[in-house]
Amino acid sequence: MMERVHLAAEEEDDLYSGYNDYNPAFDTDDLENDAGFQQAVKTSHGRRPPVTAKIPGTAIGARPLGTSFMSRAPLSSSLGRPMTGALQDGVSRPMTAVRAAGYSSAMSRGSAFDPFGQSKGPAPPLETKNEDTPEEKIKILEKKVNDLIEESCMAHSQGDLQLALEKAKEAGRKERALVRQREQVGTSEHVNLDLTYSVLFNLANQYANSEMYPEALNTYQVIVKNKMFSNAGRLKVNMANIYFKQKNYPKAIKFYRMALDQISSAHKEMRIKIMQNIGVVFVKMGQYSDAVTSFEHIMSESPNIRTGFNLILCYYATGDRERMKKAFQKLISVPLGIDEEERYTPANDDPHSNLVIEAIKNDQLRQMERERKALAEKFIMTSAKLIAPAIEASFAAGFDWCVEMVKSSQYVELANDLEINKAITYLRQRDFNQAVETLKTFEKKDSRVKSAAATNLSFLYFLENDCDQAERYADLAMSADRYNPAALVNKGNTVFVKGDYEKAAEFYKEALRNDSSCTEALYNVGLTYKKLNRLEEALDCFLKLHAILRNSAQVMYQLASLYEMLEDPNQAIEWLMQLISVSPTDPQALAKLGEMYDNEGDKSQAFQYYYEAFRYFPSNIDVIEWLGAYYIDTQFCEKAIMYFERAALIQPTHVKWQLMAASCYRRSGNYQKALYTYKDIHRKFPENVECLRFLVRLCTDMGLKEVQDYATKLKKVEKMKEIREQRVKSGRESSARGRREGSASSDSGHSSRGTSAKGERLSAKLKSLPGSSEPYEASSHKDIDASYVDPLGPQTERPKTAAKKRSEEDEFADEELGDDLLPE
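This one's a predicted model, so the numbers in the text were calculated from it and none came from an experiment. (Residues numbered from 1 in each chain as written. Predicted model: local features only at pLDDT ≥ 70, side-chain atom pairs only at ≥ 80, totals over all residues. Heavy atoms only, no water.)

J.: Sorry, what's going on with the packing of aromatic side chains here?
T.: When we look at a pair of aromatic rings, we describe it by the centre distance and by the angle of the planes. Following the criterion strictly, the structure yields 19 aromatic pairs and no others. On the basis of an interplanar angle of 20 degrees and a centroid distance of 5.7 Å, the ring pair of tyrosine 631 and tyrosine 643 is categorised as stacked. Residue tyrosine 631 is found in helix H27 (residues 621–633), and its partner tyrosine 643 is found in helix H28 (residues 637–650); the two are separated by twelve residues along the sequence. For tyrosine 631, a relative accessible area of 10% translates into the label buried. For tyrosine 643, a relative accessible area of 3% gives the class buried. An aromatic cluster is present here, built from Phe607, Tyr610, Tyr611, Phe614, Trp626, Tyr630, Tyr631 and Tyr643 joined pairwise through their rings. Its guanidinium or amino end placed over the ring of phenylalanine 636, lysine 639 lies 5.3 Å from that ring's centre, counting from NZ or CZ. (Phe/Tyr/Trp six-rings, centres within 6.5 Å; stacked < 30°, edge-to-face > 60°. Helix = DSSP H or I, 4+ residues; strand = E, 2+ residues; numbered from the N terminus. Buried < 20%, exposed > 50% of the residue type's maximum accessible area, 1.4 Å probe, protein only. Lys NZ or Arg CZ within 6 Å of the ring centre and 35° of its normal.)

J.: Got a minute to help me understand the environment of glycine 492 in this structure?
T.: Within the secondary structure, glycine 492 is located in helix H19 (residues 485–497). Residues glycine 492 and alanine 505, spaced 13 residues apart in sequence, show a C-alpha to C-alpha distance of 7.0 Å. Ignoring anything within four residues of it in the chain, the contact list for glycine 492 reads Ala504, Phe507 and Tyr508. (Contact = heavy atoms within 4.5 Å.)

J.: It is not clear to me how helix H24 (residues 569–582) should be interpreted in this structure. Could you clarify?
T.: Given 3.6 residues to a turn, an α-helix orients residues that are three or four positions apart in the same direction. Its 14 residues place the ends of H24 20 Å apart at the C-alpha level, agreeing with the 20 Å of an ideal helix rising 1.5 Å per residue. Looking at H24, one finds that the buried residues are Ala572, Ile573, Trp575, Leu576, Leu579 and Ile580. For H24, the arc enclosing every buried residue in end-on projection is 165 degrees, short of the 170-degree limit, so these residues lie on one face. Away from the buried face of H24 by more than 90 degrees, exposed residues Asn570 and Ser581 are located. (Expected span 1.5 Å × (residues − 1). Arc of directions from axis to C-beta.)

J.: What is the right way to read a positive patch on the surface from this model?
T.: On the surface, a cluster of positive charge is made up of Lys169, Arg173, Arg176 and Arg180. Among the structural elements, arginine 173 can be located in helix H3 (residues 161–185). Overall, arginine 173 belongs to the partly exposed group, its relative accessible area being 48%. (Patch = residues over 30% accessible without salt bridge, like charges linked within 9 Å, V, L, I, M, F, W, Y side chains within 5 Å. Areas by Shrake-Rupley, 256 points an atom, 1.4 Å probe, with all protein chains shown as cover. Salt bridge = Lys/Arg side-chain N within 4 Å of Asp/Glu carboxyl O. Lys, Arg positive; Asp, Glu negative; His and termini not counted. Charge placed at Lys NZ, Arg CZ, Asp CG, Glu CD.)

J.: What am I meant to see in the confidence of the model for the chain here?
T.: Interpreting fine coordinate detail is not advised for predicted regions of low pLDDT. Looking at the chain, pLDDT values average 75 and 72% of them are 70 or higher. Per-residue pLDDT stays below 50 along residues 1–12; that stretch engages in zero contacts with residues further than four places along the chain or on separate chains. Counting interchain partners and residues more than four positions distant, the pLDDT-below-50 stretch residues 52–91 has 50 contacts. (pLDDT = per-residue confidence, 0-100.)

J.: Hey, could you run me through the pattern of salt bridges in this one?
T.: Opposite charge on two side chains allows them to pair when their charged atoms are near. Tallied over the entire structure, the rule returns 21 salt bridges. Among the ionic pairs, arginine 534 bridges to glutamate 502, the shortest N-O distance being 3.4 Å. You can see arginine 534 sitting in the loop between helix H21 (519–531) and helix H22 (535–548) and its partner glutamate 502 sitting in helix H20 (residues 501–514), a full 32 residues away along the chain. Looking at arginine 534, the relative accessible area reads 27%, which means it is partly exposed. Note that glutamate 595 and lysine 592 form a salt bridge whose closest N and O atoms lie 4.0 Å from each other. Of this pair, glutamate 595 and lysine 592 both sit in helix H25 (residues 587–600), separated by three residues, roughly a single helical turn. By relative accessible area, which is 21% here, glutamate 595 ends up partly exposed. The class for lysine 592 is buried, based on a relative accessible area of 17%. Sharing partners across several salt bridges, the network here consists of Glu471, Asp475, Lys491 and Lys498.

J.: Please clarify how the packing of helix H30 (residues 671–684) against helix H31 (residues 689–702) should be interpreted in this entry.
T.: Relative orientation and spacing of two packed helices are given, respectively, by the angle between their axes and the distance between those axes. Packing of H30 against H31 brings their axes to within 10 Å, and their N-to-C directions diverge by 145 degrees. At the point where H30 passes H31, the crossing takes the left-handed sense. Along its contact with H30, which presents Gln672, Ala674, Leu675, Tyr678, Lys679, Ile681 and His682, the element H31 presents Cys691, Leu692, Phe694, Leu695, Leu698, Cys699 and Met702. Tallied by class, residues from the contact of H30 with H31 come to eleven nonpolar, two polar and one charged. (Axes fitted to C-alpha atoms, helices over the stretch in contact; angles between N-to-C directions. Left-handed = near helix turned anticlockwise from the far one by under 90°. Nonpolar A, V, L, I, M, F, W, Y, C, P; charged D, E, K, R; others polar.)

J.: What is the right way to look at the nonpolar core in this model?
T.: When a protein is soluble and globular, its nonpolar side chains tend to lie buried together. Membership of the largest hydrophobic core comes to 152 residues, with the highest contact counts inside it found for Phe328 and Tyr411. Other than its neighbours up to four places away in sequence, tyrosine 411 contacts Ile305, Ile332, Val334, Leu336, Ala376, Ile380 and Val406. Judged by nonpolar contacts, the second largest core, of 19 residues, contains Ala662, Tyr678, Phe694 and Leu714. (Core = buried A, V, L, I, M, F, W, Y, C linked by side-chain atoms within 4.5 Å.)

In structure tokens, the structure reads:
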């Protein structure tokens, strides 16, 4: 064993010998004592280039190398130092660290100066990519997949959902082809998981955006079940959103909770949003207590306006009065994170700071702050109106409590708006006196609130037709705020009612100058121009208004009316057709369209729209009369009977509708029913001459015994009519006052009974009827029509106005019977 052990001999060399040996050329300790070096420093002797490249010697003689323990000999002079790059024994000396440009250690004596290596010739061409290699094909395919995902997202942002879905599907196909290609090459372990995740996630999103919910859920399920995707569990929030849209609320709750379990507490904001969604789903399910649990947790951890409002709704649904109050106090104490208004007010005369304030006054951040504040005020106002009747014994007491709470919060300026809303709530409850009293309390407040209250008071008095009070409060609102467009509109309305249209138009135009979006002012200007018969200007106003309110039925009707007044029926019909497309069940618009087609001579189209108008509103006398006359003209008298009977039900004191129904029975050949109808008319209107004449003729023709009785009654009524006419004539001749009174009574009688030219024509034709002794059915149908004129008269002579007049016989019957025929 000891044979393998070797001891170090004492005579062997020192292991550390030569460790401190070094080249004396690098010794700088004795440079001060080196005469040659000092001379080279003081003169240019040392900087002269060497003549030859021979091996240099030293000025004093060669010095042996020494160790650190030996005495050091002085260094050789600079003239004897080895020259850089010189040949020593035919071999190039190694270069030092600092070398001149263009030189290298491999350069030999006499070589040309070529720092850029131009002597070697042009650089070789770049190697071309070989796209046929599997690696290059995989890279190209990956780039195509990424481009398709980007194109899909861009198409979705532009609203083209179909193209976005197609691109997403194509990206999925390309990505599967990429995976297969990797498997063929044998590099399946290098699969790009991020690319696969992006493709599937984008495809699921596009399915959801296109409302293809089952496909979207399947795609999300593929991502969630793949354990290789990190944080894929968060996508269960997206799946829960889809279930919520499908109204599958239990599954939505389940997936929201699963997502909540997989999100760490470090992501506090994400967890709060998920819990808010859970609360909303519980509200949809009607489980308000569970929703309250979620909302209360959010309000304790990270309160926000929307959650506070939802919490108040849940407490209102459960009827918890005290918790409603506490929730309202929490709602008004939620911080909005909005800077003070003073930062947007110039504080000094520094032009630079003023320019900065002007630039940020309406920037996007400022607009976002305004929207957030407006949303908070909306929720507070809605909450106050909702809980005010529930938290106290009366609505007023509850609203007063809400106002006091708001006054002690950061929304102090909202208290006055709540008071005005209190008055408006009184209006909705039709408690006008309380509304007026509440609004009158603002007369001594600041100008903004005072103007708003006076505007509402002016509107109230205008609705009550108290124009003097309406004008007074409109003036008060204008004095408080001259630039209040609503006050100017109310002032213009009071002037409009008084008939001063020019002045009213000035107020409306001033309101438009103050607020170009005031549609009420623009509409009223158009009406004013229409009253002044400035039709082109009115048309221009309503066309501008139509550009603002595209679906306003009132604006379309005004445009149709103006085109009708301008004698452009085609345009009028076009606007009425647009009106019907917006409001297809408006009976007045349908009737007007039927009237327009009737004027144009298109009876079939007119009948269609009149029939639709009757279907939606079967009590319009004008429409009923037109339809009845239409069926008589088309020889369908049986169908006309229904309309005249309905008119008789609507106006039971007007005998003409029953006479028309009896006439239709006679025209259709149902003489028995016609006789029964005439007898019924005679029972209701025993002094009606026309009814008695037809009873005499029908009884005579049918051989009935009652003919003599009806003939006697007819003669008596005619005689009474003659006596009355003689009395009226003699009274007019005896006294001028009697003539004036008679004229006034005649005019008023005609106007009150709605007498028309058609009634006069009917009375003139009725006077030419044959006597009761003449044969009734002795001639053909044409001869009968020639001898007897229907009360309806020919269709071409129907009046176009809405007001209808009665015949002289109707007037005579009314005068004879007195108050018995007046409606009760």
